[in-house]
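Structural overview for review
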Amino acid sequence: MLQSFYSNEDESSYGYSNGQPFNSEFYNLGFGLQSSYQLQAPPYMKRTLNSYAVRLNYGFKDKYLLTASTRWDGSSVLSEGNKWTAFPSLALGWKINKESFLENVKSISDLKLRASIGYTGNDNVAPYQSLALLDQQTFYANGNDLVPGLQSSVFANRFLTWEKTRELNFGLDFGLLRNRITGSVDVYDRLSENLIYRQQLPAEMGIKHTYSNVGSVSNKGVEVLLTTKNIKNSLITWETTFTFTKNVNKLESIYNQDKVSDKGNNLILGSSLNPNFNYVYDGVWQESEATQAAFMEWHPDRQGQKTSMETGNLMPTTEQRLEVQFRNGREVFIRGLPLGNLILIFQLLRARDRLF
């Protein structure tokens, strides 16, 4: 049985003001303008990780191998009641080259088949994300006076728990010609659940973000390694290593469902995590397309912007004030405010989105 303990403490401070009557560096911040004065009390952060593990290794005739282990981790940065969890694993191995039907095959130096399944965890968040702290200084207007106060910079999540990853792996290790050629092939399937994610909140909440367990992400792929010993003697050694990897990352579910994406937080179901997501630009109207552009109420001499609802670059005519348009089954809300030759545009676009 193994036991480990990790603890880390950080402490820092911050002070700021401007408009000081003389150069006093940071010694007299209070002489600055009251509206600019900020002093953050030294934040104290401590995180602790306590772990226990047990492992069992078993081999039969040096051909059949088994490894079973369990790890228990307790993290101080997670919420009350969710700090501790277990991560079991099981691995099997079969040394095929030691079987009787391969004993006399001299060209095969090593041949081993592997299979394993196991769980790992992630608690990568700053301390106290599950607690509502008054950790940010602010000022409130009280008549003509500014009154100092405190507010919370993060929305506390009292359900914040471990992000858990289940990995299923199948592998093959081989060695040929007295191990002059060696390599391995691994195929894996990882599924991370309770993904810890920095989630943006609606502006009306007054707090910018929180850390939440938002969903599940899968990683499936293959890894191939090949090493050849081309020359090996007392004067020179020449080895060549080839590698190939392929991984497919996919967001499987968010908020206990797999139908609706959260584009505001860049959580797009079916795509990779943190994809590049935007409207597709279709190009510009050409002079030869003036008739089609006029039909769509756009004109090629107006910055040449094409009318596809997928571009997100829309310019209404001067006569438009407030209108709802339907084109190709897509809905666009446009408000135009003309100021001479200048037009201020406010728009809300609902269109068919694409990933690229």
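Up top is the structure.
Re the overall build of the chain
- Looking only at helices and strands, one finds one helix and 20 strands in the chain.
- With 356 residues in all, the chain has 30% of them scored as buried.
- Across the chain, the fraction of contacts at a sequence separation of at least 24, relative to all contacts at a separation of at least 6, is 54%.

Focus: the pairing of strand 9 (residues 145-151)
- Relative to strand 9, strand 8 (residues 136-142) runs antiparallel, the two sharing seven bridges. Bridge pairing in strand 9 links Asn142 to Asp145.
- Hairpin connection of strand 8 to strand 9: two residues between the antiparallel strands, including Gly143 at a positive phi of 70°.

Some remarks on the environment of Phe242
- Mapped onto the fold, Phe242 is located in strand 15 (residues 237-254).
- On a C-alpha basis, the gap between Phe242 and Leu226 in space is 5.1 Å, while along the polypeptide they are 16 residues apart.

Some thoughts on the nonpolar core
- Counting residues in each nonpolar core, the largest one holds eight residues, listed as Leu195, Tyr197, Val214, Val217, Leu251, Ile254, Leu267 and Leu269.
- Once residues within four sequence positions are removed from consideration, Ile254 is found in contact with Val214, Gly215, Val260, Ser261, Asp262, Leu267 and Leu269.
- Listed in part, the seven residues of the second largest apolar core include Phe87, Leu160, Trp162 and Ile196.

Regarding the environment of Gly221
- With respect to the helices, strands and loops of the structure, Gly221 is situated in strand 14 (residues 215-232).
- On the accessibility criterion, Gly221 (12% relative accessible area) is buried.
- Each C-alpha atom, one on Gly221 and one on Lys246, is 5.2 Å from the other, the two residues being 25 residues apart in sequence.

Thoughts on the pattern of salt bridges
- Tallying each qualifying case throughout the model produces nine salt bridges.
- The partner of Lys63 in a salt bridge is Glu99, and the shortest N-O contact between them spans 3.6 Å. On the criterion of sequence distance, the pair formed by Lys63 in the loop between strand 4 (44-60) and strand 5 (64-75) and Glu99 in the loop between strand 6 (84-95) and strand 7 (108-122) is long-range, its members being 36 residues apart. Of the two residues, Lys63 and Glu99, both sit in the buried class.
- Notably, a salt bridge pairs Arg114 with Asp173, separated by 2.9 Å at the nearest N-O pair. Placement of the pair is Arg114 in strand 7 and Asp173 in strand 10 (residues 163-176), with a sequence separation of 59 residues.
- Shared partners join several salt bridges into a network, and the residues in it are Asp62, Lys95 and Lys98.

A few points about the sheet that holds strand 5
- What the nine strands build is an open sheet, ordered 1-4-5-6-7-10-11-14-15; its pairing is antiparallel. Strands with a single pairing partner mark the edges of an open sheet, and in this sheet they are strand 1 (2-11) and strand 15. Sheet twist, expressed as the average angle between the axes of neighbouring strands with direction ignored, equals 10°.
- Taken together, the 10 bridges between strand 1 and strand 4 define a ladder with antiparallel strand orientation.

Things to note about the packing of aromatic side chains
- Taken as a whole and assessed by the stated rule, the structure comprises three aromatic pairs.
- Relative to Trp84, the ring of Tyr52 has its centre 6.3 Å away and its plane inclined at 25°; by these criteria the two rings are stacked. Within this pair, whereas Tyr52 is found in strand 4, its partner Trp84 is found in strand 6, the two being separated by 32 residues in sequence.
- Exposure remark for Tyr52: the relative accessible area of 30% places this residue in the partly exposed category.
- Between Phe87 and Trp162, the ring centres sit 5.5 Å apart and the planes meet at 75°, which makes this aromatic pair edge-to-face. One end of the pair, Phe87, is in strand 6; the other, Trp162, is in the loop between strand 9 and strand 10, with 75 residues separating them in the sequence.

Considerations on unusual backbone geometry
- In this structure, Asn256 is a non-glycine residue whose phi angle is positive, near 65°.
- Take Asn256: it is sitting in the loop between strand 15 and strand 16 (277-278).
- Overall, Asn256 belongs to the exposed group, its relative accessible area being 84%.
- Positive phi is not limited to glycine here, since Asn266 has a value of about 60°.
- Along the chain, Asn266 falls in the loop between strand 15 and strand 16.

Description of the side chain of Asn219
- Topologically, Asn219 is positioned in strand 14.
- According to the relative accessible area criterion, Asn219 is buried, its value standing at 17%.
- At 3.0 Å, the side chain of Asn219 forms a polar contact with the side chain of Asn249.
- The contact partners of Asn219, leaving out residues within four places of it in the chain, are Tyr188, Asp189, Arg190, Asn247, Val248 and Asn249.

How each quantity is defined
Residues numbered from 1 in each chain as written. Predicted model: local features only at pLDDT ≥ 70, side-chain atom pairs only at ≥ 80, totals over all residues. Heavy atoms only, no water. Helix = DSSP H or I, 4+ residues; strand = E, 2+ residues; numbered from the N terminus. Buried < 20%, exposed > 50% of the residue type's maximum accessible area, 1.4 Å probe, protein only. Contact = heavy atoms within 4.5 Å. Pairing = 2+ DSSP bridges. Core = buried A, V, L, I, M, F, W, Y, C linked by side-chain atoms within 4.5 Å. Salt bridge = Lys/Arg side-chain N within 4 Å of Asp/Glu carboxyl O. Axes fitted to C-alpha atoms, helices over the stretch in contact; angles between N-to-C directions. Phe/Tyr/Trp six-rings, centres within 6.5 Å; stacked < 30°, edge-to-face > 60°. Polar contact = N/O pair within 3.5 Å; in protein donor to acceptor, adjacent residues only side chain to side chain.

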